[in-house]
Amino acid sequence: MAEPLTDATDRATASAPADLTADLTAGVTTDPTSAETVPVGTGETGPAGSPLPVPPGVSEAIRARADERTAPLVHRLMRPSLALAAEGDGPSAGRLGGQPALPDGTGWPEFAGRPMQSLAQLDCAGLAEAFRTTGHGGDWPLPATGLLLFFHDERVGDFSGRGCRVLHVPAGAPPRPAPADGPGTSALPATEVRAHWRLSAPSYQDGELEDVFPDDFMIALDLAADFRDHLSAPDVRVLGWCDTDTGRPAGHRPLLQVESRALAADWGECVNVSFWITEEDLAAGCFDRVRHGFEVA
């Protein structure tokens, strides 16, 4: 069951697609020679006219359900993303859990008077390297140096979406434990992760896909099912589209999605958490207004 955010009923503004790479399924890169390349317009990150490598199964599904006018529109909704996992040989991308490297003078983020849980510490250089690995990703939209620290309210009871904080800090500070005074927070075990390319497609809950077929919602519903059949959803995803049934805050897109099983986290009935950012803040590298989402099973 999704826990909606207060403004999640509003539809986010559709954005232009990215110039994508081939999908990585179970850590194996799709062979570019077996993927269909589709000319696209100016994407989120790629130059105009760049080819869009899409796995054959996805291309076939789009051709089967869309016509000559709508098929290019569906292709343009595809987004690049990174899957983070402990396995594989991709670039090191930091870690989930553990103690964050908070610089001196930076306070531990709090929510409702209590320390938040440190969820992830991601290495921007490693993420940027993985994003550019295949040459199809275009410009890396997040900072290329330093660390991104993700904190959230582990009680996941705030439906306004404000129970989180993302900090961009220089690398090199020593790990810092949560404050000892006050209610405290439970630490998550540290899990080193590596980054791998993944193609990401919208679901039927994303208004951008539904808007392509205003006269027949079932086409969007069927296409979303086809995408799930051909594109696996990682336990941890950076950027891309939302993989869960959580509420979608208006005007935002996913920044980070984490399944509880990736950390063996005890969040009660909550099975995943997500961080959301606006297109404007993503372009500006501003993380002050990131929103929090979660799903309850």
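Refer to the preceding data block for the structure.
Computed from a prediction, not measured in an experiment: that's the story for all the values here.

## Structural notes on helix H5 (residues 217-230)
- Counted at 1.5 Å a residue, the expected span for H5 with its 14 residues is 20 Å, and the 21 Å between its end C-alpha atoms agrees.
- Restricting attention to buried positions, one finds in H5 the residues Ala220, Leu223, Ala224, Asp226 and Phe227. All buried residues of H5 lie within an arc of 160° about the axis, which places them on one face of the element. Away from the buried face of H5 by more than 90 degrees, exposed residues Arg228 and Asp229 are located.
- In this structure, the buried residues of H5 make contact with helix H1 (56-65), helix H2 (70-75) and helix H4 (207-212).

## Some words on the pairing of strand E15 (residues 252-259)
- The buried fraction of E15 amounts to eight of the eight residues, a majority that puts the element mostly inside the structure.
- Pairing of E15 with strand E16 (residues 270-278) involves seven bridges; the strand directions are antiparallel. By the bridge assignment for E16, Leu256 is matched with Phe275.

## Some words on the packing of H1 against H5
- Where H1 meets H5, the axes come as close as 9 Å, and the angle between the chain directions of the two elements is 165°. With respect to H5, the axis of H1 lies roughly antiparallel. At the point where H1 passes H5, the crossing takes the right-handed sense. Across the interface between the two elements, Gly57, Val58, Ala61, Ile62 and Arg65 from H1 touch Ile219, Asp222, Leu223, Asp226, Phe227 and His230 from H5.
- Residues of the contact of H1 with H5, tallied by class, amount to six nonpolar, two polar and three charged.

## Remarks on the environment of Asp158
- Turning to its location among the elements, Asp158 is positioned in the loop between strand E11 (147-152) and strand E12 (164-169).
- With a relative accessible area of 18%, Asp158 lands in the buried category.
- The contact partners of Asp158, leaving out residues within four places of it in the chain, are Phe111, Gly163 and Phe294.

So, how was this worked out
Residues numbered from 1 in each chain as written. Predicted model: local features only at pLDDT ≥ 70, side-chain atom pairs only at ≥ 80, totals over all residues. Heavy atoms only, no water. Helix = DSSP H or I, 4+ residues; strand = E, 2+ residues; numbered from the N terminus. Expected span 1.5 Å × (residues − 1). Buried < 20%, exposed > 50% of the residue type's maximum accessible area, 1.4 Å probe, protein only. Arc of directions from axis to C-beta. Contact = heavy atoms within 4.5 Å. Pairing = 2+ DSSP bridges. Axes fitted to C-alpha atoms, helices over the stretch in contact; angles between N-to-C directions. Parallel < 35°, antiparallel > 145°, perpendicular 65-115°, else oblique. Left-handed = near helix turned anticlockwise from the far one by under 90°. Nonpolar A, V, L, I, M, F, W, Y, C, P; charged D, E, K, R; others polar.

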